[in-house]
Amino acid sequence: MTSHLAQGFLRPRSVIPGLLRAGTRSFLLPNPCHGTRRASHYTPTSGQQTPQGRYWAKIPRWEDASVDTFLAHKWQMSNSVHTLPALSDLMRSVLPETIPPQRPSPRGQNEYPGISTPEDLIRSFEVAAQKAPMAFRLSPHILSVIDWTDPLNDPVRRQFIPLESVINVTHPAATLDPVHEVDHSPARGVIHRYPNKALFMATSICPVYCRFCFRSYTVGTETETVKKMRFLPLMKQWEPKFEYIERTPSLHDIVISGGDTYLLEPEQIAYLGDRLLAIPHIKRFRFATKGLGVSPSRLLDPNDSWIDTVIGLSKKGRKMGKEVCVHTHINNKQETSWITRQGTQRLYEEGVIVRNQSVLLNGVNNTFDQLSELVHTLSDMHIEPYYVYQGDVIRGAEDLRTPLSDSHELELQIRDQTAGFLIPRFVYDVPGLAGKRPTLSAQNYDRKLGVANFTAPRLQGQYVKYWDPLWSLSEDAQKEVQSYFADRSSDQAAHQMAAAA
Ligand code: SF4
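In this text the structure is predicted, and so the values were computed from the model without any measurement.

Student: What is the right way to read the site of the ligand from this model?
Tutor: Taken together, M134, C206, V208, Y209, C210, C213, V219, G259, K290 and H329 form the complete shell of residues around the ligand. Cavity membership is defined here by more than half of the atoms lying within 2 Å of grid points; on that basis the ligand lies in the largest cavity. Classifying every residue of the shell around the ligand gives seven nonpolar, two polar and one charged.

Student: Would you mind showing me how to read the nonpolar core here?
Tutor: When a protein is soluble and globular, its nonpolar side chains tend to lie buried together. One finds W56, L87, L138, W148 and F160 to be the most contacted residues of the largest nonpolar core, which totals 52 residues. Listing elements by their share of this core, those giving two or more residues are α3 (67-71), α5 (84-94), α6 (118-131), α7 (140-145), α8 (155-160), α14 (338-349) and β9 (384-390). In this view, F160 contacts F136, L138, I142, V208, Y209, C210, R211, K290 and V294; residues no more than four positions away in its chain are not counted. Counting 46 residues, the second largest nonpolar core, distinct from the first, contains A198, I245, I269 and L277.

Student: Would you mind going over the sheet that holds strand β4 (residues 197-201) with me for this structure?
Tutor: The strands making up a sheet associate through backbone hydrogen bonding, with each pair oriented either parallel or antiparallel. Across the sheet, which stays open at both edges, the nine strands sit in the order β3-β4-β5-β6-β7-β8-β9-β10-β11 with mixed pairing between neighbours. One side of each edge strand has no neighbouring strand; the edge strands of this open sheet are β3 (190-194) and β11 (435-438). Averaged over all pairs of adjacent strands, the angle between strand axes in this sheet comes to 30°, irrespective of strand direction. Sheet topology places strand β8 (residues 354-360) next to β9; five bridges connect them, and they run parallel. For R355, the partnering residue across the bridge sits in β9 and is E384. Helix α10 (residues 235-246) contacts β3, β4 and β5 (253-257) of the sheet and is inclined by roughly 170° relative to β4. Strand contacts of helix α11 (residues 266-277): β4, β5, β6 (284-288) and β7 (323-328), with the helix running at about 160° to β6, the strand carrying the most contacts.

Student: Hey, could you run me through the side chain of D399 in this one?
Tutor: When you line up the elements, D399 lands in the loop between β9 and α16 (404-417). A polar contact of 2.8 Å, which involves the side chain of D399, links it to the side chain of R211. Among all residues touching D399, those that are not within four sequence positions of it are E111, R158, V166, R211, N362 and W471.

Student: Whenever I open this one, the sheet that holds strand β14 (residues 464-467) confuses me. Can you help?
Tutor: The three strands are arranged β12-β13-β14 in an open sheet whose pairing can be described as antiparallel. Only two strands of the sheet have a single neighbouring strand rather than two, namely β12 (444-446) and β14. The mean angle between the axes of side-by-side strands here comes to 20°, regardless of whether they run parallel or antiparallel. As paired strands, β12 and strand β13 (residues 451-454) are joined by three bridges and run antiparallel to one another. Bridge assignment links D446 to a residue of β13, and that residue is V451. Sheet contacts for α16: β12, β13 and β14; angle to β12, the most-contacted strand, approximately 120°.

Student: Looking at this model, I keep getting lost on the pairing of β4. Mind explaining?
Tutor: In summary, the side chains of a regular strand alternate between the two faces of the sheet. The buried fraction of β4 amounts to five of the five residues, a majority that puts the element mostly inside the structure. Side chains K197, L199 and M201 project from β4 onto one buried face, and the interleaved A198 and F200 project onto a second face that is buried too. Taking the residues that link successive antiparallel strands as the turn, the β3-β4 hairpin has two residues. Sheet analysis places β4 next to β5, joined by five bridges and oriented parallel. Bridging across to β5, M201 finds its partner in S257. Between the parallel pair β4 and β5, the chain is carried across by α10, and the sense of this crossover is right-handed.

Student: So what exactly am I meant to see when it comes to the environment of A187 here?
Tutor: For A187, the position within the fold is in the loop between α9 (164-167) and β3. Residue A187 is classed as buried on the basis of its relative accessible area of 13%. Residues A187 and I245 lie 58 residues apart in sequence; the distance between their C-alpha atoms is 9.6 Å. Apart from the residues within four sequence positions on either side, A187 is in contact with P240 and Y244.

Student: How should I be thinking about the confidence of the model for the protein chain in this particular structure?
Tutor: As a general rule, the predicted coordinates of low-pLDDT regions are not to be interpreted in detail. Confidence in the prediction of the protein chain, expressed as mean pLDDT, is 88, and 87% of residues score 70 or more. Confidence drops under pLDDT 50 across residues 1-37; counting only partners more than four residues distant or on other chains, this segment forms 81 contacts. For the stretch residues 45-51, pLDDT sits under 50, and the model shows 11 contacts to residues farther than four places along the chain or on other chains.

Cut-offs used in this document
- Residues numbered from 1 in each chain as written.
- Predicted model: local features only at pLDDT ≥ 70, side-chain atom pairs only at ≥ 80, totals over all residues.
- Heavy atoms only, no water.
- Near = heavy atom within 4 Å.
- 1 Å grid on protein atoms, 1.4 Å probe; cavity = no way out; pocket = protein on both sides within 12 Å on 5 of 7 lines; lining within 4 Å.
- Sits in = over half its atoms within 2 Å of the grid points.
- Nonpolar A, V, L, I, M, F, W, Y, C, P; charged D, E, K, R; others polar.
- Core = buried A, V, L, I, M, F, W, Y, C linked by side-chain atoms within 4.5 Å.
- Buried < 20%, exposed > 50% of the residue type's maximum accessible area, 1.4 Å probe, protein only.
- Helix = DSSP H or I, 4+ residues; strand = E, 2+ residues; numbered from the N terminus.
- Contact = heavy atoms within 4.5 Å.
- Pairing = 2+ DSSP bridges.
- Axes fitted to C-alpha atoms, helices over the stretch in contact; angles between N-to-C directions.
- Polar contact = N/O pair within 3.5 Å; in protein donor to acceptor, adjacent residues only side chain to side chain.
- Right-handed = clockwise from strand over helix to strand, strands pointing away.
- pLDDT = per-residue confidence, 0-100.

In structure tokens:
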């Protein structure tokens, strides 16, 4: 499938009409280190020539920011918002006098009672921020694609800005490490859950922090409620990870992640790539980054060589018969802009394979229209819609999870509408050693109680449960689930007391 993308079987439909015809295709100058350096970084974008133009100008503090300013990665970083007063101030400057209510959902949810004015919403956010396991951090790009005229219904706001009424609801099975990574870490910052694949945690910071992050135990700055296991992006801290990979010949495949490789310097990307390419048994690796969706400016910034370095490594890898690619994470079409499209067009022209790993999220992409639009947007940007993950049972994001039945129904519907090689794999990342299993492969699924059992050859007859979110259950079923966990914890307490005696 991926080779189809790489070999150009797809028509490059994502090019903005008129821009490439009129404009300056990026051209490349050799860079002595890695990749190439761009002399001209983007096709002409002055105002009306782009479908979304200066879409950031709706934020009063950036209304005068030029295209060049907005494309500067350093400007994006220094204008990211990550403190309570800064985000509250920004919201005061963009919210309408009356906040439209949440649209009635077919399931009758009313997640945000009592929010009708900007101050209601800001107060709700400020309370939630004190309780959330994930810190918040938003890039100027993400702040600019949120529809502030309708924040309660906005699919981007839902992912990054918590509100009080939803942060208080937690499933009794929820944890900060839902796939049990910490149990499978043979060296600090290496996660080894698959026979021939491992994860290299290069950093624990990201350009934005997602409320539903399945690495809430490590990613982001510490919060009032969670102390984090930090991984600093320092080369000397990477050495034990390289040593583990070098002495483990069964490993062929490495995911460089964290955190987000988008916040690594180009020199660090080059160092990581060269070290891995030099290991004979490593045949493939990918840089995991949400940057393409949440802070795409870096892809077009002429003064930054992150993308050039990745392109250089991809080409070098191809010559060695190895695959170096990018895995990104876009959940809703609204996260993308003309900057994303031009950046991914460049990666496509340069032959870099890009795959997307979405998480199925309530109110973000769990309707057929939203998911179908996402799949086709990604395809048109030459990004393979690789995975749609079932949301992990994580603390602080119960409102964003979806019942397994959503995944089942959406897979069947998307399969009806989409070319086979663009159909994502709908999977649940089963904790521990089972790996990613198709959600339709659940051994059984009690829809009333919202519990499914998964197994896999490496589980040797054992089963792992997936729990649907509480909001998707009837009140009786919710009580039954709560009492199941209460019984379990009193059993465990009894066992512990017996052991202690
Ligand atoms: S970008 Fe990825 S690692 Fe970072 S907070 Fe979001 S989900 Fe977690």
